[in-house]
Amino acid sequence: MPALRALVGTIFVCLLMVSAGTSAYARDIINAPFDPINIDILQITERIQSGSAEAEIESAPDVSGAVSTMRLRAISQGPSYRWMVFSIRNSSPIPLEYVIVSNRKNFVGSGVVWPEFGTRMLVDAQASPGLPPSSENLRTADAYSFRIEPNQTITYALEVAGPWPGNLSLWQRDSFDQQRQQVSFFHGLLLGISTLVSIYISSLFIIRRKLVFPAASLFSWCSTAFLTIEFGYLPVLIDVPLTLEFKIRAIVEALMAFSLFACLYTFVELRKRMPMLGYPMLLVIAGAAALVGYAYTEPAIAAGIARMLLLVGSLAGMAIVLTLSRRGAIRAQVAVSAWLLISVWSILAALGATGLVEHDMIGPGLAAGLVLVNLMIAFTVTQYAFDAGVISSRFFEDSGRRALALAGSEQCVWDWREDEGWLYVGPELEPTLGIKRGSLATAGLKGWLELMHPGDRPAYVAAVEAAIQRGKGTFSQEFRLRRKDGTYRWYQLRARAIPGEQGRAGRCIGTLADITTLKRSEERMLYDAVQDRLTGLPNRALFMDRLDRNMRRSQADDSVKLFVTVVDIDRFKNVNDGLGHSIGDSLLLTMARRLQQFIGPEDTLARLSGDQFGLIINAARPERKMHELTEQMRQSIARPVELNPREVFLTASIGVSEYLRDVLGAADVLKDAEIALYEAKRRGKNKIEFFRPTMRDDRSKLIEIESDLRRALDRYEIEVAYKPIYNIATDNLAGFEALVRWRHKKHGLLGPDEFIGVAEETGIIVDLGRYVMGEAARQLGIWQRVLRPSDPVFVSVNLSYRQ
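Counting starts from 1 at the beginning of each chain's written sequence and moves along it residue by residue. Per-residue local features of the predicted model are confined to residues with pLDDT of at least 70, and side-chain atom pairs are confined, for both listing and counting, to 80 or more; whole-chain, interface and lining totals are unaffected and use all residues. To obtain the side-chain values, all non-hydrogen atoms of the structure were included, while hydrogens and water were left out.

1. Focus on the sheet that holds strand E16 (residues 473–482)
Any two strands between which DSSP finds at least two bridges are classified as paired. Helix and strand assignments come from DSSP, with helices taken as H or I runs of at least 4 residues and strands as E runs of at least 2, each series counted from the N terminus. As summarised here, the arrangement of the 5 strands in space is E15-E14-E18-E17-E16, forming an open sheet in which the pairing is antiparallel. With one partner strand each, in any of the chains shown, strand E15 (422–425) and E16 form the two edges of the open sheet. Neighbour to neighbour, the strand axes of the sheet diverge by 20° on average, direction disregarded. Pairing analysis gives 4 bridges linking strand E14 (residues 412–417) to E15, with the strands arranged antiparallel. As a rule, the C-alpha atoms of each element are fitted with a line to give its axis, helices using only the stretch in contact, and angles between N-to-C directions run from 0 to 180 degrees.

Shown next, in the form of C-alpha cells:
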C-alpha cells in the first residue's frame, strides 16, 4: 500500500507538471456590449490548475485572427496554483468598462456545523494584451475593474486561492456603481435603525431596573454588531486582521445565543412560572456564557454551536411562551408576537446558512428581518416598562415640563442670592469642566470666580451688580470658565433679577449655556475674512489694506521704495483638472512656501485669487534688487515638485510695478502690476515684466475681458451651439459644426467675434478650445448612442493655430 500511494502521488505530480508546461486556449469569447446589467460567466470560464507558479495559455484571437501566448505568474502560496480564464471582445465603436465580481461567503452559505467564514478567493488578475484589471476595494466580494477599447479582444486570468469560487459575474460599470450605492444605502439604513433601537432599549433600564432590559439590550447590540460584520463595516471601524475578525464574529454569535436565553428566562419569569425548566435553563445560560470565551480560541466550533443554540432556543422559547400564554401569563401573552418573529427568523437563518435556500434576496432579507426582530423586542419591553405606571402624572405638570426642557437643552441652573452671599450652579457643569463632583457646591462664590478667566471677571461682576441695583429685568453676559486641563470654554449666562427689599434685587436666577462652538465659529469667520483658508496667507482684502498703509508710509519717507509683485502660476487650471483638486491644493501650498523665502519682516505675501499671489516688497535696503529677486522667484517656482511617483513642473508669469507718487491709490498700483503680468503672459508665459507707463493703453480693458473670460470657463458660462450639416446627395443629416458662445452675466449672449481675439492674444484660446472639443465629443457620444447607433455622425470643431 505505501508503494501504491507513492506511485499515485508521482503520477499526480507529473500530470501537474505537464499541465503547467502545456498551453491552454480560452475557447469561449464574451461579446460586448450585452443587454443585461450583469451576466454569470462561471460556466464559460476555463479553469487552469498547475503544480508550478508559472503557466502559459493562448489568448483569444484578435480581430486579425492572431493568437499570442500569455504567461501566468502566481502570487499565492502553493503547492497547487489555479486560474480562471475568460476572453471578452468589444465589438462596439466606443470603449467599455466592466467589473468582474465574485461574492465571498458571509453568513449565507457558510454552514451551521463548522461554518466557513468569507475569505478572499481571487487574489490577482492578469490580462493579455493591455493593462491588468484594477482591484476594487470591496468588503464582501472580490472584484476587478477593466476597460476594453473598441474592436479589442482581451484574455483575462484570475488567480484563485483556495477552492474554486461558487459565483462569478460580469457587471457593466455604471450598473455596478449604482448597485453598490443602493446596497450601501440599504445597509446604512438598517444599521441606523438597529443602532437607534439598541440605544432605546438600553435607556429603558433607567426607568425600570430589571434584568430583562440588560438582556434585551445585549441581544439588540449583538444584532447590530452582527449586521456590522455581515455588511463588512468592521474593518472600516477598527483595523483588525482577518483572523481576529473571525473571532469577533464568533463571539458576537455566541453572545446572541446567550442573550436570547437570558431574555426568555427573565421576561417570562421562567424559574417562578415553570421551576422544572428554570434551573436547567440557568445551566444552559451558563454554558452559553462559557461559549463566549471559547469562541476566542476556537471560533469555527463556537460559532457552529451558537447557531444551533440560537435555532433550538428560539423554537423551545416559542413553545414555552405559548404554554405560559395559554395559562394566562400576561408577560408571555405580550411576548408571543416577538418570539414568533424570532422563531421564523431563526429557521430562515438556518436554511440560509446551510445553503438549502439559494436566492439573491436571502441575505438582505435576513438582515432586514433581524432589524424587525429588534423592533419587535423594543415594542415588547416598552410595554413591560410602562405597564406598572412608572410615568407619573407629575411629569406632565408645568414644573415637570420646564425641568425636562432645561435638561434637553443641555443647560444648567445658575442662582445667586445677594443678601445671603450664596451661589448655586447646577452639577451638570462639573463633568463638562472635568472637575470633581460637588466641588462647585463647596467652593462658593470665591471658587466660582477663580474658575472664570481673569479678563472676564470685571465684566461679569459689573453685570450682576447692575442687575441687583436695577432690582428687576433680565441681563446676559458671556465669559470663559477654566477646565481641569487648563483650557477654557465659553458660556453665556441669561438671568432674571427678582425684586427684593428697598428696590434692590434679592435674587438672580437663570441658565448657563455652553457657546464654545459658536464662539469658535465666529473666530473662524473673522479669520476667514482676512486670511486664505488653504494657505493661511492674507487674502486680497488684507493685502489691499496693507498696501494702502505701506503707501502712506512711503509718502512720509522718501527713502522707502515700494514694489508690488503679482505672481500667476501658468497653466495651473490644466494641472488642477488633470491631477485633481487635492494635488492642486498641495501644489499651491508648495508655491506659497517657496515665495515666503523671499519676503522680509516688512513685506507681505498674499493669495489674491486661485493661482495668483501678490507680494508687497520694501526695497529700501540696497542689497534687495528687484530684477534679481524676481528672477530668483521665477527659478524657485520652476523647480520640480516631487509627487510620487511623478514630478510636476510649473512655471510662473510675474508682473512688477513700483509705487510712484503720481499713482492715486492702492488699487492703481496693483492694477499696474496686473498690466505688467498681462504683458508677461502675452510674451509666452514664464516671463517677468516690469510696468512701464506706455503699457497703459487699452490693456486695462483687455485685462478685464481676460479676467471675465477666465472666470467664464470656471463658471461654465461658455456654451456650445450646433449647426447641422446635411449631405446634399442623400438629403440626410451628416453631422454638426460646433459653435462657441459666451453667456456673459452683464452683456448677455456674446458671439465668437467679440472674445475670440482676446482669447487668441492671451492664450486662453487653448483652454477654450479644449473645453469646446470636450463638450462636442460628449454631446456627439450621446447623440450617437441614443439616436444613430448604427449610422455614424461627425461633429467639426474650429481650432486655433496654437492647437
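2. Overview of the side chain of Thr155
As for its placement among the helices and strands, Thr155 is situated in strand E12 (residues 153–160). A polar contact of 2.8 Å, which involves the side chain of Thr155, links it to the backbone nitrogen of Ala60. A polar contact is formed between the side chain of Thr155 and the side chain of Ser87, at a distance of 2.9 Å. We define a polar contact as two N or O atoms separated by no more than 3.5 Å, with the added condition that, inside protein, one atom must be a possible hydrogen donor and the other a possible acceptor, whereas residues neighbouring each other in sequence contribute only through side-chain atom pairs.

3. Let's talk about the packing of aromatic side chains
For Phe, Tyr and Trp, where Trp contributes only its six-membered ring, two rings pair if their centres lie within 6.5 Å, and the inter-plane angle classes them as stacked under 30 degrees, edge-to-face over 60, or tilted in between. Applying the stated criterion to the full structure yields 11 aromatic pairs. Arranged with centres 6.2 Å apart and planes meeting at 65°, the rings of Trp171 and Phe176 form a pair that is edge-to-face. The pair formed by Trp171 and Phe176 is uniform in burial state, with each residue classed as buried. A centroid spacing of 5.1 Å and a plane angle of 75° characterise the contact between Tyr722 and Trp783, whose relative ring orientation is edge-to-face. Highlighted residues: Tyr722 in strand E26 (residues 718–727) and Trp783 in helix H23 (residues 764–786), separated in sequence by 61 residues. Given the relative accessible area of 24%, Tyr722 is considered partly exposed. Here a set of aromatic residues connected by ring pairs shows up, and it is made of Phe34, Phe86, Tyr98, Phe146 and Tyr156. Only when the NZ of Lys or the CZ of Arg is both within 6 Å of the ring centre and within 35 degrees of the ring normal is a charge said to sit over the ring. One cation-aromatic arrangement involves Lys247 over Tyr296; the distance from NZ or CZ to the ring centre is 4.4 Å. Note that Lys519 overlies the ring of Trp490, its terminal NZ or CZ placed 4.6 Å from the centroid. Working definition: with a 1.4 Å probe on protein chains only, accessible area under 20% of the residue-type maximum means buried, over 50% means exposed, and in between means partly exposed.

4. With respect to a nonpolar patch on the surface
Among the surface-exposed residues, Val113, Trp114, Ile305 and Met308 lie close enough to one another that they form a single nonpolar patch of about 410 Å² accessible area. In this structure, Met308 sits in helix H8 (residues 299–326). Each patch groups residues whose relative accessible area exceeds 30% and which form no salt bridge, using 9 Å between like charges and 5 Å between nonpolar side chains of Val, Leu, Ile, Met, Phe, Trp and Tyr. Surface accessibility follows the Shrake-Rupley procedure with a 1.4 Å probe radius. Residue values consider only the protein chains on display as shielding. Put simply, a salt bridge is a Lys or Arg side-chain nitrogen that is within 4 Å of an Asp or Glu carboxyl oxygen.

5. Side note on the sheet that holds strand E25 (residues 688–690)
Spatially, 5 strands are ordered E20-E21-E19-E24-E25 in an open sheet, and the strand pairing comes out mixed. Edge positions in the open sheet fall to strand E20 (604–609) and E25, since each of these has one partner strand only. Within the sheet, the average angular offset between the axes of one strand and its neighbour, ignoring direction, is 20°. With 7 bridges joining them, strand E19 (residues 562–569) and strand E21 (residues 612–618) adopt antiparallel strand pairing. Across the sheet, Phe563 pairs through a bridge with Ile617, a residue of E21. Those strands touched by helix H16 (residues 540–556) are E19, E20 and E21, and its axis lies near 20° from that of E21. Working rule for contacts: check all heavy atoms of both residues, and any pair within 4.5 Å makes them a contact. In the packing of helix H18 (residues 581–596) onto the sheet, the strands contacted are E19, E20 and E21, and the crossing angle to E21 comes to about 10°.

6. Things to note about helix H19 (residues 626–638)
One full turn of an α-helix is made of 3.6 residues, so residues set three or four places apart face in the same direction. Helix span, as expected, comes to 1.5 Å for every residue beyond the first. Its 13 residues give H19 an end-to-end C-alpha distance of 18 Å, which sits within 8% of 18 Å, the value for a rise of 1.5 Å per residue. Along H19, the residues that are buried comprise Met626, Leu629, Thr630, Met633, Arg634, Ser636 and Ile637. Down the axis of H19, the smallest arc covering the buried residues is 165°, so these residues share one side. The secondary structure elements touched by the buried residues of H19 are E19, H18, E21, strand E24 (652–658) and E25. Within this analysis, the arc is defined by the directions that extend from the helix axis to the C-beta atoms.

7. Topic: the side chain of Ser50
Of note, Ser50 is situated in strand E4 (residues 46–50). Of the polar contacts made by the side chain of Ser50, one reaches the backbone nitrogen of Ser52; its length is 3.0 Å.

8. Notes on the packing of helix H13 (residues 439–451) against helix H14 (residues 457–470)
Following both chains from N to C, one finds H13 and H14 inclined at 135°, their axes separated by 10 Å at the closest point. Classed by the angle they form, the pair H13 and H14 counts as oblique. Here the hand of the crossing between H13 and H14 comes out right-handed. Contact residues: Trp448, Leu449 and Glu450 in H13; Arg457, Tyr460 and Val461 in H14. Among the residues making up the contact of H13 with H14, the classes are represented as 4 nonpolar, no polar and 2 charged. The cut-offs work like this: below 35 degrees is roughly parallel, past 145 is roughly antiparallel, 65 to 115 is roughly perpendicular, and the gaps in between are oblique. Crossing handedness follows the turn of the near helix against the far one: under a right angle anticlockwise gives a left-handed crossing, and clockwise gives a right-handed one. Three categories are distinguished: nonpolar for Ala, Val, Leu, Ile, Met, Phe, Trp, Tyr, Cys and Pro, charged for Asp, Glu, Lys and Arg, and polar for the others, with Gly belonging to the last.

9. Description of the nonpolar core
The biggest cluster of nonpolar side chains holds 58 residues, and the ones touching the most others in it are Leu227, Met281 and Ile377. Going through the elements one at a time, helix H2 (173–207), helix H3 (212–230), helix H5 (242–267), helix H7 (275–297), H8, helix H9 (330–354) and helix H10 (362–386) are the ones with two or more residues in this core. With 11 residues, H10 is the single largest residue contributor to this core. Grouping buried Ala, Val, Leu, Ile, Met, Phe, Trp, Tyr and Cys residues that are joined through side-chain atoms within 4.5 Å yields what is termed a nonpolar core. Judged by nonpolar contacts, the second largest core, of 28 residues, contains Met633, Leu643, Val648 and Ala652.

10. Concerning the packing of H2 against H3
At a closest axis distance of 8 Å, the pairing of H2 and H3 adopts a crossing angle of 165°. In terms of orientation, H2 lies roughly antiparallel with respect to H3. Judged by the twist between their axes, the crossing of H2 over H3 is left-handed. Touching Leu191, Ser194, Thr195, Val197, Ser198, Ile199, Ile201, Ser202, Leu204 and Phe205 of H2 are Phe213, Pro214, Ala216, Ser217, Ser220, Trp221, Thr224, Leu227 and Thr228, all from H3. Classifying every residue of the contact of H2 with H3 gives 11 nonpolar, 8 polar and no charged.

11. Thoughts on the pairing of E4
Side-chain alternation along E4 places Glu46, Ile48 and Ser50 on a buried face and Arg47 and Gln49 on a face that remains uncovered. Note: E4 against strand E7 (residues 81–90), 5 bridges, orientation antiparallel. The residue of E7 that forms the bridge with Gln49 is Arg82.

12. Points about the confidence of the model for the protein chain
As a per-residue measure, pLDDT tells how confident the predictor is, with possible values from 0 to 100. Averaged over the protein chain, the pLDDT score is 81; the fraction of residues at 70 or greater is 90%. Element-level mean pLDDT values for the protein chain span from 36 in helix H1 (residues 2–21) up to 92 in strand E29 (residues 794–797). Below a pLDDT of 50 lies the segment residues 1–26, which in the model reaches 29 contacts outside its immediate sequence neighbourhood of four places, other chains included. In this model, residues 388–397 is a region of pLDDT below 50 whose contacts with residues beyond four sequence positions or in other chains number 11 contacts.

13. Quick notes on unusual backbone geometry
Omega for the peptide link from Ala32 to Pro33 comes to 5°, which places this bond in the cis form. Its location among the elements puts Pro33 in the loop between strand E2 (29–32) and strand E3 (38–40). The residue after Ser128, namely Pro129, is reached through a cis peptide bond having omega -5°. Here Pro129 lies in the loop between strand E9 (122–128) and strand E10 (134–136). One non-glycine residue, Arg571, adopts positive backbone phi at about 55°. Residue placement: Arg571 occurs in the loop between E19 and helix H17 (572–579). Positive phi outside glycine occurs at Tyr716, with the angle close to 60°. For Tyr716, the location among the structural elements is in the loop between helix H21 (699–714) and E26. Taking the relative accessible area as the measure of exposure, Tyr716 reaches 63% and is therefore exposed.

14. Quick look at the environment of Val212
Structurally, Val212 can be placed in helix H3. Discounting residues that sit within four places of it in the chain, Val212 has contacts with Thr266, Phe267 and Tyr384.

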